[in-house]
Amino acid sequence: MEERGSPDGDPARSLEQGPEGPETPIQVVLRVRPMSTAELRRGEQSALHCSGTRTLQVSPPGGGPDVAFRFGAVLDGARTQEDVFRACGVKRLGELALRGFSCTVFTFGQTGSGKTYTLTGPPPQGEGVSVPPSLVGIMQRTFAWLLDRVQHLGVPVTLRASYLEIYNEQVRDLLSRGSPRPLPVRWNKARGFYVEQLRMVEFASLEALMELLQMGLSRRRSSSHTLNQASSRSHALFTLYVSRPTPQQVPPVDAGESPVGGKLCFVDLAGSEKVATTGSRGQLMLEANSINRSLLALGHCISLLLDPQRRQSHIPFRDSKLTKLLADSLGGRGVTLMVACVSPSAQCLPETLSTLRYASRAQRVTTRPQGPKSPGVKPPQPAEAELLQLKEENRHLRSQLDQIQTKAPGIHGARVAWAQQNLYGMLQEFMLENERLRKEMRQLQSSRDLARAEQHVLAQQVHELERHLLSACSRPQQGSAPMCPGLMGPAASCHALPPLCSCCHPCPLCRVSLAHWACPRRECHVPQQVLEPDAPGHISLSSRLPPWAPPPSPGSSKPPRERSHSDWTQTPVLAEMLIGEEMVPSAPPLPTGSLNMPMGGSGILNLTERPEALTCQINSSLNLSHSQPQPSESVKSPGQGLAPH
Ligand SMILES: Nc1ncnc2c1ncn2[C@@H]1O[C@H](COP(=O)(O)OP(=O)(O)OP(=O)(O)O)[C@@H](O)[C@H]1O
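Residues numbered from 1 in each chain as written. Predicted model: local features only at pLDDT ≥ 70, side-chain atom pairs only at ≥ 80, totals over all residues. Heavy atoms only, no water.

As recorded in an unreviewed UniProt entry, the protein chain goes by the name Kinesin-like protein, listed as coming from Peromyscus maniculatus bairdii. Checking UniProt for the protein chain, the heading Subcellular location (unreviewed entry) contains the comment "Cytoplasm, Cytoskeleton". (UniProt positions renumbered as here; feature names shortened; annotations may be inferred.)

Peer 1: What is the right way to read the overall build of the protein chain from this model?
Peer 2: A count of helical and extended segments in the protein chain gives 18 helices and 22 strands. Scored against the burial criterion, the 645 residues of the protein chain give a buried share of 44%. Long-range contacts, defined here as pairs at least 24 residues apart, represent 72% of the contacts in the protein chain between residues at least 6 apart. (Helix = DSSP H or I, 4+ residues; strand = E, 2+ residues; numbered from the N terminus. Buried < 20%, exposed > 50% of the residue type's maximum accessible area, 1.4 Å probe, protein only. Contact = heavy atoms within 4.5 Å.)

Peer 1: So what exactly am I meant to see when it comes to the site of the ligand here?
Peer 2: Among the 16 residues in the neighbourhood of the ligand, the closest are listed as Thr-111, Gly-112, Lys-115, Ser-231 and Ser-232. Here an oxygen atom of the ligand and a backbone polar atom of Gly-112 are 2.8 Å apart. Ser-232 has a polar backbone atom sitting 2.8 Å from an oxygen atom of the ligand. Relative to its unbound accessible surface of 620 Å², the ligand loses 80% to contact with the protein. Sorting the residues of the shell around the ligand by element identifies helix 5 (115–120) and strand 16 (228–232) as the ones contributing at least two each. Looking at the shell around the ligand element by element, the count peaks at 4 residues for strand 16. (Near = heavy atom within 4 Å. Polar contact = N/O pair within 3.5 Å; in protein donor to acceptor, adjacent residues only side chain to side chain. Areas by Shrake-Rupley, 256 points an atom, 1.4 Å probe, with all protein chains shown as cover.)

Peer 1: Is there a simple way to explain unusual backbone geometry in this structure?
Peer 2: In most cases, non-glycine residues show a negative phi, while peptide bonds are predominantly trans. Phi is positive for Asn-168, which is not a glycine, with a value near 45°. For Asn-168, the location among the structural elements is in the loop between strand 9 (158–167) and strand 10 (170–173). Backbone geometry places Glu-169, a non-glycine residue, at a positive phi of 65°. Along the chain, Glu-169 falls in the loop between strand 9 and strand 10.

Peer 1: For this particular structure, what's the right way to read helix 7 (residues 206–219)?
Peer 2: Three- or four-residue spacings in an α-helix give side chains the same orientation, since the helix completes a turn every 3.6 residues. Over its 14 residues, helix 7 extends 20 Å from the first C-alpha to the last, a length consistent with the 20 Å expected when each residue adds 1.5 Å. Against helix 5, helix 6 (138–151), strand 9, strand 14 (201–203) and strand 17 (235–243) lie the buried residues of helix 7. (Expected span 1.5 Å × (residues − 1).)

Peer 1: Got a minute to help me understand the pairing of strand 6 (residues 67–70) in this structure?
Peer 2: One face of the sheet, then the other: side chains in a regular strand alternate in exactly this way. By the alternation rule, side chains of strand 6 split into Val-67 and Phe-69 and Ala-68 and Arg-70, which are all buried. Taken together, the 4 bridges between strand 5 (residues 55–58) and strand 6 define a ladder with antiparallel strand orientation. By the bridge assignment for strand 6, Thr-55 is matched with Arg-70. (Pairing = 2+ DSSP bridges.)

Peer 1: It is not clear to me how the UniProt feature "binding site: ATP" (unreviewed entry) in the protein chain should be interpreted in this structure. Could you clarify?
Peer 2: UniProt's entry tags Gly-109, Gln-110, Thr-111, Gly-112, Ser-113, Gly-114, Lys-115 and Thr-116 with the feature "binding site: ATP" (unreviewed entry), counted in the numbering of this structure. Looking at where Thr-111 falls in the secondary structure, it is placed in the loop between strand 8 (102–109) and helix 5. Positionally, Gly-114 belongs in the loop between strand 8 and helix 5.

Peer 1: So what exactly am I meant to see when it comes to the pattern of salt bridges here?
Peer 2: Pairing between side chains of opposite charge can happen when their charged atoms approach one another. Summed over all chains, the structure comprises 14 salt bridges. Of the charged contacts, one joins Glu-39 and Arg-33 as a salt bridge, the two residues approaching to 2.9 Å between their closest N and O atoms. Arg-33 matches Glu-39 in its accessibility class, with the two residues each being buried. Among the salt bridges present, the one from Glu-82 reaches Arg-86, with a minimum N-O distance of 3.1 Å. Separated by 4 residues within a single helix, Glu-82 and Arg-86 lie in helix 3 (residues 81–88), roughly one turn from each other. Glu-82 gets classed as partly exposed once you look at its relative accessible area, which sits at 28%. Three or more residues joined by partner-sharing salt bridges are found here, namely Glu-82, Arg-86 and Arg-141. (Salt bridge = Lys/Arg side-chain N within 4 Å of Asp/Glu carboxyl O.)

Peer 1: Mind showing me how you'd approach the side chain of Ser-162 here?
Peer 2: Mapping Ser-162 onto the fold places it in strand 9. Reaching out from Ser-162, the side chain makes a polar contact with the side chain of Tyr-241 at a distance of 3.0 Å. Ignoring anything within four residues of it in the chain, the contact list for Ser-162 reads Leu-175, Leu-198, Arg-199, Met-200, Leu-237, Phe-238, Thr-239 and Tyr-241.

Peer 1: Help me out: how do you make sense of the packing of helix 3 against helix 6 in this one?
Peer 2: The angle between the axes and the distance between the axes are what describe a pair of packed helices. Running from N to C, helix 3 and helix 6 cross one another at 65°; their axes reach a closest spacing of 10 Å. Considered as vectors, helix 3 and helix 6 are oriented roughly perpendicular to each other. Crossing of helix 3 against helix 6: the hand is right-handed. Each of Gln-81, Glu-82, Val-84, Phe-85 and Cys-88 in helix 3 lies in contact with helix 6, whose residues at this interface are Ile-138, Arg-141 and Thr-142. (Axes fitted to C-alpha atoms, helices over the stretch in contact; angles between N-to-C directions. Parallel < 35°, antiparallel > 145°, perpendicular 65-115°, else oblique. Left-handed = near helix turned anticlockwise from the far one by under 90°.)

Peer 1: Just checking my understanding: could you explain the confidence of the model for the protein chain for this structure?
Peer 2: Detail in the predicted coordinates should be disregarded across regions flagged by low pLDDT. In the predicted model, the protein chain carries a mean pLDDT of 72, and 56% of its residues have values of at least 70. The low-confidence segment residues 1–16 (pLDDT under 50) makes 40 contacts with residues lying over four places distant or belonging to another chain. Confidence drops under pLDDT 50 across residues 522–551; counting only partners more than four residues distant or on other chains, this segment forms 53 contacts. (pLDDT = per-residue confidence, 0-100.)

Peer 1: Just to check I follow, could you spell out empty space enclosed by the protein for this structure?
Peer 2: Over the atoms, a rolled probe matching the size of one water molecule traces out where space is still vacant. Under the criterion given, the structure shown has 5 cavities of 30 Å³ or more. In this structure, the second largest cavity spans a volume of roughly 50 Å³. As for the second largest cavity, its lining consists of Ile-166, Tyr-167, Asn-168, Glu-169, Arg-233, Ser-234, His-235, Glu-287, Ser-290, Ile-291 and Ser-294. At the level of elements, strand 9 and helix 9 (282–305) are the ones that each hand at least two residues to the lining of the second largest cavity. (1 Å grid on protein atoms, 1.4 Å probe; cavity = no way out; pocket = protein on both sides within 12 Å on 5 of 7 lines; lining within 4 Å. Points joined across faces, edges and corners; volume = space filled by probe spheres on them.)

Here's what the structure looks like:
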């Protein structure tokens, strides 16, 4: 038989003893409620058996090995409310509260498992009908004991109470004078998390305290569903503040601040529920989701508190209002008791096992109970202190995230294993993953911006080049004539001749062949590859005329008009201009290959090719014009040196 749970020891003794050293484990008591009338009517079987006072045995309905869980105390359905009160050792917690400790009792379990019953007894049977004394819960019994104890102390003790609920992730004051409104949860170094403007009511008698309890219970949200006629839809926290004034007693700074002293908090958690089982719809389903989410956050904090390394660094108490308000009880300076409640029915076994595992984990969590704070230390201003704390936490979280990201491969396996253990871990996984993806996206965006900027520069260069070409070809030559490439001398007269076909009319003075576009019969000396569309390197004359070619006359299918002498005399000038011009890239070089370009890469490649294409076009035009034998070897070809840059 598999056995899980707390180490050996006398539960009554450990519960009664209270904090002994720096590390005090959370005490866990398990209560199994009796089978309900509905469960008996449906003929459901019990799957739980208590063996001894500390062990619960679980028998799966389909057979299979029994599983045993050990807790500080296990109480079966036959145990009375008084038995439960005694077994839980709440009196000891009350004593500690009187000595200045911060103590918490919280119930946990599936919906309908008896949490509210354990803390406050069954719901009243009608308006003004009070619960029989034998059925009242741990809270009323503690109140009675505490008031009696205070009376016999012989020193003045101030008692105050507050009562709040966390409903759909909003904190509502159940003792507020008007209708409850959402209250903020704040943090400061002196108090930890606390609810701002929460009403604290001073009381002096048991009757007054019971009235406060009744007032809160009647205002707390509850609804009916398949598993519970009066199901609590919120987590409720009833806190008793005990202060014993001493000569050095620090007075509360303002009316909303808790007095220096001990406290005893009773937390009735809303029950976890499977919406499919409870049949919750609409508002009930929203409430159930909110309840489950906050219980998940609580479970996650408990799991992390068990990990010594995580515990030293960061526990995400800020993930929900519930974990914020329980932070001190779970991982801080409090003394804590958990009462886990389960139904015995085999039908509820999956939820029961989940509660048992949750409770098993919780009893391995330890706190470091701390007595009253030294008087005379003025707490820092709330806003300042909270700001400092948040900054510190923020810095810490960032460094954690960086560490996780840099240690990626080694830690990844461990993180995945951890994430697989619970859903909340998976959520955390996704958050980290999202952060990494966001970072990657930012990098991609910046390289895309860089590429766009480069594209812009290249587009400007192309535009500039085209503009040069066009203006050079169309501007009439003024002033000094260009050098004749044949004679290396002025060519004012020879190149001013009307354009003639180069195949039979080279320049009569310098013998340089005339550009083919100047010849009315130029098709006859254009190379074959230019005319054949399928030939490699084909350039269509109609579609690929050089940019400096004359514009076609409107409506004409004929070749463009003949060039004026200034057009063709510019060609060598233009070539020389290009030879001497060095293209200096004004942006970093583009990565080669378009596949890696995130965006706009192809556009950039087109642009990088265009200056080359333009240069080639000039070259080919100029080479054509030199296909005729050159007059002299020393003659500099206009195309020479027009290497693609
Ligand atoms: N030990 C018990 N003996 C007799 N009746 C019990 C016991 N525990 C619970 N019940 C009854 O079972 C029903 C459900 O109990 P209770 O409302 O306390 O459950 P709960 O866990 O608080 O549920 P929820 O999370 O939905 O609020 C109630 O009618 C209650 O009176």
